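Here is how the chains run, residue by residue.
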Amino acid sequence: MQNLILASSSPRRKELLENLRLTFTISSSEVDESFDPALSPEDVVMDLAERKAQVIFKENKQSYVIGSDTIVVADGQVLGKPADEAEATRMLKMLSGRKHDVYTGVSILSPNGTARFYESTEVWFWELSDEEIKSYVQSGEPFDKAGAYGIQQLGSMLVKKINGDYFAVVGLPVAKTYRELKRLGYQLP
């Protein structure tokens, strides 16, 4: 029997995989998320995704392990998860009324080989008032999300439009992940 493991504690990634009717377990991997600032955003997310997958794959060599990571890039600056309200407010003000890019990298490690890829999606925000930003920050939603927002929840009110894969913005490019699992020999439903 094939075993699929999601190397993430993200409830969003869990939900996206469940939508595909895949049977999997979750084994969160704690890794150092620092990166070389000289790397491209694409390389940053693929490297972080691979680090997460490697930690779990070391102990599960006969399993298919999915690692994933998401970052937001605005003006060449990588925006991770905000540490506090002040940082969340600063990030949201930076994104207000402008376009930014969301990169999600995926690494799938398996007994049949590996897959490593990313998706990039352009996201435009509405012009946000200080009151809208304050209210959103006080909701608590920004704190476990890159760029201080989640497109699939209350943060949806911030987004004017996107160009690219919506699911990559949520945290996992579902269609590409599905196809790569299939290519690697995972028996899909």
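The structure under discussion appears in the preceding block.
Rules used throughout
- Residues numbered from 1 in each chain as written.
- Predicted model: local features only at pLDDT ≥ 70, side-chain atom pairs only at ≥ 80, totals over all residues.
- Heavy atoms only, no water.
- Buried < 20%, exposed > 50% of the residue type's maximum accessible area, 1.4 Å probe, protein only.
- Helix = DSSP H or I, 4+ residues; strand = E, 2+ residues; numbered from the N terminus.
- Pairing = 2+ DSSP bridges.
- Phe/Tyr/Trp six-rings, centres within 6.5 Å; stacked < 30°, edge-to-face > 60°.
- Polar contact = N/O pair within 3.5 Å; in protein donor to acceptor, adjacent residues only side chain to side chain.
- Contact = heavy atoms within 4.5 Å.
- Salt bridge = Lys/Arg side-chain N within 4 Å of Asp/Glu carboxyl O.
- Core = buried A, V, L, I, M, F, W, Y, C linked by side-chain atoms within 4.5 Å.

Novice: Honestly, the pairing of strand β5 (residues 99-110) in this entry has me stumped. Any pointers?
Specialist: Note on strand geometry: in a regular strand, side chains alternate between the two faces of the sheet. Across the 12 residues of β5, 11 count as buried, placing the element largely inside the fold. Pairing of strand β3 (residues 64-74) with β5, which is carried by 9 bridges, proceeds in the antiparallel orientation. If you follow Val73 over to β5, its bridge partner there is Asp101. From the end of β5 to the start of strand β6 (residues 113-125), which pair antiparallel, there are 2 residues.

Novice: Help me out: how do you make sense of the packing of aromatic side chains in this one?
Specialist: Going through the model one piece at a time under the given rule, you end up with 4 aromatic pairs. Between Tyr103 and Tyr118, the aromatic rings sit 6.4 Å apart at their centres with planes inclined by 35 degrees, giving tilted as the arrangement. Taken together, the residues Tyr103 in strand β5 and Tyr118 in strand β6 connect sequence positions 15 residues apart. Here Tyr118 falls in the partly exposed class, since its relative accessible area comes to 33%. Note on Phe125 and Tyr149: the rings are 4.8 Å apart at their centroids and 75 degrees apart in plane angle, and the pair reads as edge-to-face. Within this pair, whereas Phe125 is found in strand β6, its partner Tyr149 is found in the loop between α4 (130-138) and β7 (159-163), the two being separated by 24 residues in sequence.

Novice: Is there a simple way to explain the side chain of Thr104 in this structure?
Specialist: Following the sequence through the fold, Thr104 ends up in strand β5. Residue Thr104 is classed as buried on the basis of its relative accessible area of 0%. Among the polar contacts made by the side chain of Thr104, one reaches the side chain of Thr70 at a distance of 2.8 Å. Other than its neighbours up to four places away in sequence, Thr104 contacts Val45, Ser68, Asp69, Thr70, Phe117, Tyr118, Glu119, Ala168, Gly171, Leu172 and Pro173.

Novice: How should I be thinking about the pattern of salt bridges in this particular structure?
Specialist: If the charged atoms of two oppositely charged side chains come close together, the side chains can form a pair. Inspection of the entire model under this criterion finds 14 salt bridges. One salt bridge in this structure joins Glu87 and Arg90, with 3.8 Å as the shortest N-O distance. Within this pair, Glu87 and its partner Arg90 are both found in helix α3 (residues 85-95), separated by 3 residues, close to a single helical turn. The partly exposed category is assigned to Glu87, whose relative accessible area is 25%. When the shortest N-O distance is used, the salt bridge between Glu180 and Lys176 registers 3.5 Å. Note that Glu180 and Lys176 are positioned in helix α6 (residues 174-183) at a spacing of 4 residues, about one turn of the helix.

Novice: Please explain the nonpolar core as it appears in this structure.
Specialist: Looking at soluble globular proteins, one finds that nonpolar side chains tend to be buried together. Among the nonpolar cores identified, the biggest contains 41 residues, and Ile66, Leu92, Phe125, Tyr149 and Leu181 are the most heavily contacted of them. Per-element tally for this core: the top contributor is α3, with 5 residues. By size, the runner-up hydrophobic cluster in this structure holds 7 residues, among which are Ala53, Ile56, Phe57 and Val65.

Function cannot be read off these values alone, since they describe shape.
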